[in-house]
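Chain by chain, the residues run as shown.
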Amino acid sequence: MSVEKYAVIGHPIAHSKSPLIHQAFAQQFGKTIVYDKVLAPLDGFLATVQELQQQGYLGANVTVPFKFEAFDLSQTLSERAQAAGAVNTLSFSQAQIQGDNTDGCGLVNDILKHHQTALAAKRILLLGAGGAAQGVMLPLIAQRPAQVTVANRSQDKAQAMLKKFATEAQQFDVSLAVTSFTDLNAPLNEPYDVVINATSAGLTDTPLSLSSQLFGAHTLAYDMMYGRETPFMQQARLAGAKVVDGLGMLIEQAAEAFFIWHGLRPDTAPVIQAFR
Ligand code: NDP
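Remember, predicted model here, so these are calculated numbers, not experimental data.

A. Expanded view of the site of the ligand. Residues in close proximity to the ligand total 22 residues, the closest being Ala-132, Asn-152, Ser-154, Lys-157 and Met-224. Here Leu-250 contributes a backbone N or O atom positioned 3.4 Å from an oxygen atom of the ligand. For the ligand, whose unbound accessible area comes to 930 Å², protein coverage reaches 78%. Those elements giving two or more residues to the shell around the ligand turn out to be α6 (131-141) and α10 (247-262). The residue inventory of the shell around the ligand, partitioned by class, reads ten nonpolar, nine polar and three charged. Residues from two domains meet in the shell around the ligand; each of domain 1 (4-101 + 249-275) and domain 2 (104-245) gives at least three.

In structure tokens:
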């Protein structure tokens, strides 16, 4: 029997930890898989996907900057991929391409399972309204927090994002609001329960000019970035919050992709520990 082949496609891709994560999961079940890193030319995502299909690959993860193109070329989309407007997991079967998005579920599972923080009835502040923020909105709302407030540099982008999730918010009884980084500095009655940094400001070590009153001793300050301490994490730590990075999200989103492809749920805790 031939070995099942999977890949992660991105540009750049050398830094990707996905092959190591998927191989660690496969090992847990005594499975042998191929999982390659594939660098697609910036104008060659579709051709790269077609090539992988022809070579008998069964699926691919998709990372920056191709998640929107992956959405466009998927012939069927999961509900969460539709809500996110982006795809990070492709499955190939009989020349069909199915698109899913596991990023949001990865974030929520990491918070619930590894940081013992329930989201129900909580006040959540989400910083950013890019692809990652949009991808986590539906899974966050489904946890029935009391409130999700979104702050983004471009206000119109945040407004448009909230409009998209108004029906779901109503259905789950979640209050949605948009604010600006400036307004976040106005006096606040109490700190947020959870503050999620879904901006890419950390990539360039850019501080977000946040007021420290956003964070309290009970606040979970979650930065989706991993690999180094961002200015957001430093500020939240100084303000006394519990600070976590996005490594667990990365491994949990991979676990959900692994489940989509293999129907098996890996144990993520030892993999997170090994990567730390
Ligand atoms: P996008 O490029 O789609 O969005 C970037 C967001 O960051 C926008 O909201 C943008 O605001 C904001 N932003 C950028 N620079 C600044 C700044 N200097 N000040 C304030 N806001 C800023 O990126 P993604 O959404 O795809 O990714 C966001 C982060 O999430 C990245 O760090 C990425 O690595 C991480 N991520 C982690 C994952 C994981 O598994 N751990 C998975 C996916 C993403 P504006 O709209 O105004 O431009």
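B. Structural context of α6. Of all the eleven residues making up α6, nine are buried; the element is thus mostly covered by neighbouring parts of the structure. Turning to α6, its buried residues number three or more, namely Ala-133, Gln-134, Gly-135, Val-136, Met-137, Leu-138, Pro-139, Leu-140 and Ile-141.

C. Representation of the packing of α6 against helix α7 (residues 155-164) in the model. Remark: α6 packs on α7, axes separated minimally by 11 Å, with the N-to-C direction vectors making an angle of 25°. It follows from the interaxial angle that α6 and α7 lie roughly parallel. At the point where α6 passes α7, the crossing takes the right-handed sense. Residue-level contacts link Ala-133, Gln-134 and Met-137 of α6 to Met-161, Leu-162 and Lys-164 of α7.

D. Expanded view of the environment of Gln-50. Structurally, Gln-50 is set in helix α2 (residues 45-54). Overall, the relative accessible area of 39% leaves Gln-50 in the partly exposed class. Gln-50 sits 42 residues away from Phe-92 along the chain, and the two C-alpha atoms are 10.0 Å apart.

E. Main features of the sheet that holds strand β2 (residues 33-39). Taking strand neighbours across the sheet as the criterion, the six strands line up as β2-β1-β3-β5-β6-β4 in an open arrangement whose pairing is mixed. Across the chains shown, the open sheet's two edge strands, defined by having one partner strand only, are β2 and β4 (76-77). Pairing geometry for strand β3 (residues 59-62) and strand β5 (residues 89-93), over three bridges, is antiparallel. For Ala-60, the partnering residue across the bridge sits in β5 and is Leu-90. Contacting β1 (4-10), β2, β3, β5 and β6 (96-100), α10 runs over the sheet at an angle of about 10° to β5.

F. Layout of unusual backbone geometry. Residue Pro-12 is reached from His-11 by a cis peptide bond, and omega for that bond is 10°. Of note, Pro-12 is situated in the loop between β1 and α1 (18-28). Omega for the peptide link from Val-64 to Pro-65 comes to 5°, which places this bond in the cis form. With a phi angle near 50°, Ser-209 is a residue other than glycine that sits in the positive phi range. Tracing the backbone through its elements, the reader meets Ser-209 in the loop between β10 (194-197) and β11 (220-223).

G. Examining the domain arrangement of the protein chain more closely. Domain boundaries in the protein chain define domain 1 (4-101 + 249-275) and domain 2 (104-245). Centre-to-centre separation of domain 1 and domain 2, based on C-alpha positions: 26 Å. Each partner contributes to the interface: domain 1 provides 17 residues, whereas domain 2 provides 18 residues. Here domain 1 and domain 2 share an interface that buries about 1300 Å² over both sides, 64% of which is from carbon and sulfur atoms. The largest contributions to the domain 1 side of the interface with domain 2 come from Ala-83, Met-249 and Glu-252, which together make up 47% of the buried area. At the junction of domain 1 with domain 2, the criterion picks out one salt bridge. Here Lys-113 ties to Glu-252 by a salt bridge, and the two come within 3.1 Å at their closest N and O atoms. The set of elements that each furnish at least two residues to the side of domain 1 that touches domain 2 consists of α4 (79-84), α10 and α11 (269-275). Counted by class, the side of domain 1 that touches domain 2 contains seven nonpolar, five polar and five charged residues.

Calculation criteria
Residues numbered from 1 in each chain as written. Predicted model: local features only at pLDDT ≥ 70, side-chain atom pairs only at ≥ 80, totals over all residues. Heavy atoms only, no water. Near = heavy atom within 4 Å. Polar contact = N/O pair within 3.5 Å; in protein donor to acceptor, adjacent residues only side chain to side chain. Areas by Shrake-Rupley, 256 points an atom, 1.4 Å probe, with all protein chains shown as cover. Helix = DSSP H or I, 4+ residues; strand = E, 2+ residues; numbered from the N terminus. Nonpolar A, V, L, I, M, F, W, Y, C, P; charged D, E, K, R; others polar. Domains from an automatic or database assignment. Buried < 20%, exposed > 50% of the residue type's maximum accessible area, 1.4 Å probe, protein only. Axes fitted to C-alpha atoms, helices over the stretch in contact; angles between N-to-C directions. Parallel < 35°, antiparallel > 145°, perpendicular 65-115°, else oblique. Left-handed = near helix turned anticlockwise from the far one by under 90°. Contact = heavy atoms within 4.5 Å. Pairing = 2+ DSSP bridges. Buried area = accessible area lost by both parts, 1.4 Å probe. Salt bridge = Lys/Arg side-chain N within 4 Å of Asp/Glu carboxyl O.

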